[in-house]
Amino acid sequence: MPPTAEPTQVDHRATYREVLAEPRFRLLFSTRAVAITADALRITTFSVLVFSSTGSALLSAVAFGIGFIPQLFGSLLLGSLADRLPPRALITGGHALTCATALLLAVVRMPVAASLGVVALVSFATPVFHGASSRLVAQSLEGDAYVLGRSLSNIASAGAQLFGLALGGAAVAALGPRRALAVSAVLYLGCALAIRIRLPRLQPGESGVTPGSAGGDGGAVRASLQGAVLLLRGRTVRLLMLAQWLPVALVAGAEGLIVAYAGERRFAPGWYAVLMGCLPVGMLVGDLLVGRFLRPRTRERLVVPLVALAGLPLIGFAAEPGVGVSSCLLLISGLGYAYGLGLQRPFLDALPHDGQGQAFGLLGSGSMTLQGVGPVCLGTAAAAGTGTGGAIALAGGAVVLTAGWILTWHPAACTRTSTPQNPAMDLSSTPPSAP
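So, here is what we can say about the structure in this document. (Residues numbered from 1 in each chain as written. Predicted model: local features only at pLDDT ≥ 70, side-chain atom pairs only at ≥ 80, totals over all residues. Heavy atoms only, no water.)

### A look at the overall build of the chain
In step 1: For the chain, the count of helices and strands is 20 helices and 0 strands.
In step 2: Across the 435 residues of the chain, 49% fall into the buried class.
In step 3: Partitioning the intrachain contacts of the chain with sequence separation of at least 6 by distance along the chain shows that 86% fall at a separation of at least 24.
In step 4: Here the chain displays about 18500 Å² of accessible surface, and carbon together with sulfur accounts for 68% of that area. (Helix = DSSP H or I, 4+ residues; strand = E, 2+ residues; numbered from the N terminus. Buried < 20%, exposed > 50% of the residue type's maximum accessible area, 1.4 Å probe, protein only. Contact = heavy atoms within 4.5 Å. Areas by Shrake-Rupley, 256 points an atom, 1.4 Å probe, with all protein chains shown as cover.)

Right under this line is the structure:
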């Protein structure tokens, strides 16, 4: 399993214009932004529908988060399909499947347990579709253009989520939850048609798919489990995945306590929404600044400082600040999210060619799962006596400790070692700079 290519040594800084000039990326980028809007609309509307049917806040919360945890199991059991099947069919099928799910929830009056099961089942397959899309993006953009492509995707994701949440509230108020779900189905259908019509049917050599190479004779499940073990057994890939998972999960856990913190501090009604908006605004600004103005090597050198920047402001919540200071702290913390841009190129360089799709799926599903676990853990800490301010500060301290852990190894150096002759050793060998 040789790596995709030799790491890029030239410190060339790409531009957003160059990235958007690539037709294949532009198509995937635009349809993904629409799909994320539809996701936010569907998730919030489904939560409202469950609450209106049951009156249970618990079931409403379960409906909101039911699509997170199954993604990790889907990545482990089906992830290899992202590398074994044609990307156009996979991505089109993913949008079509979510369209059918939203339409089913809108039209058929199922028991709550059945509707939750349908959503969980679809989310089980989500990493396969997302992995195929991410793999295609990685093969469409080279060098720093790939990093800026990820930056644009992050910016669009944050903006689309905010727009989808706003659209969900407006659609539910104007149309009711079931018709609002139908709106999300229309958005998914548009994405499926755009991919089916505009993305060419790629040959195996063009898409990077090597039929049978990822699966051997053991089937998709066995191949997926073996591929996941190989990926996580390789120290370079494992460290880079953890570095992308942990800070985001900890900050997401702190974000999950903002509403409770605003209530404990008796902030005026509506201020919790302002506070929750500060993190994504900081993320947008940070990605734009770091992606547009810094060179690739500078971004990679700033990974640790930016991770620390994401955590240090949260420690200030131990003093239980007011609205103004809290808003500034969250905004500054959001800027630190740009640390991920410095990890994109080393991570891509470390991946095996015939396992990219599964790796991207595992990266995304692991992140989603930990972001769902983070609020639960910090909420438990808050209930145990630390209070919400103390729990948020605890999350910030953990992020700073994570920055110190990342400082003990150097992601960029991990990808500059020579390629081993034995392909089986590519993921399991220990790079000289790793602990």
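### Examining the nonpolar core
In step 1: In this structure, Met 241, Leu 330 and Phe 347 are the most contacted members of the largest nonpolar core, which totals 77 residues.
In step 2: Ranked by residue count, the leading element in this core is helix H19 (residues 356-407), at 12 residues.
In step 3: Discounting chain neighbours no more than four positions away, the residues touching Phe 347 are Val 237, Leu 240, Met 241, Gln 244, Ala 359, Phe 360 and Leu 363.
In step 4: Counting residues in each nonpolar core, the second largest holds 11 residues, with Ala 63, Ala 106, Val 119 and Ala 120 among its members. (Core = buried A, V, L, I, M, F, W, Y, C linked by side-chain atoms within 4.5 Å.)

### Things to note about the environment of Gly 311
In step 1: If you trace the backbone, Gly 311 turns up in helix H16 (residues 303-315).
In step 2: A relative accessible area of 0% means that Gly 311 is categorised as buried.
In step 3: Sequence spacing of Gly 311 and Leu 250 is 61 residues, and the spatial spacing of their C-alpha atoms is 8.7 Å.
In step 4: Not counting residues within four places of it along the chain, the set of residues in contact with Gly 311 comprises Gly 396, Val 399 and Val 400.

### A short note on the packing of helix H4 (residues 69-78) against helix H11 (residues 219-233)
In step 1: Closest axis-to-axis distance for the H4/H11 pair is 5 Å, and the angle between their directions is 105°. Judged by the angle between their axes, H4 and H11 are roughly perpendicular. Every residue of H11 that contacts H4 at Leu 76, Leu 77 and Leu 78 is listed here: Ala 220, Val 221, Ser 224, Leu 225 and Ala 228. (Axes fitted to C-alpha atoms, helices over the stretch in contact; angles between N-to-C directions. Parallel < 35°, antiparallel > 145°, perpendicular 65-115°, else oblique.)

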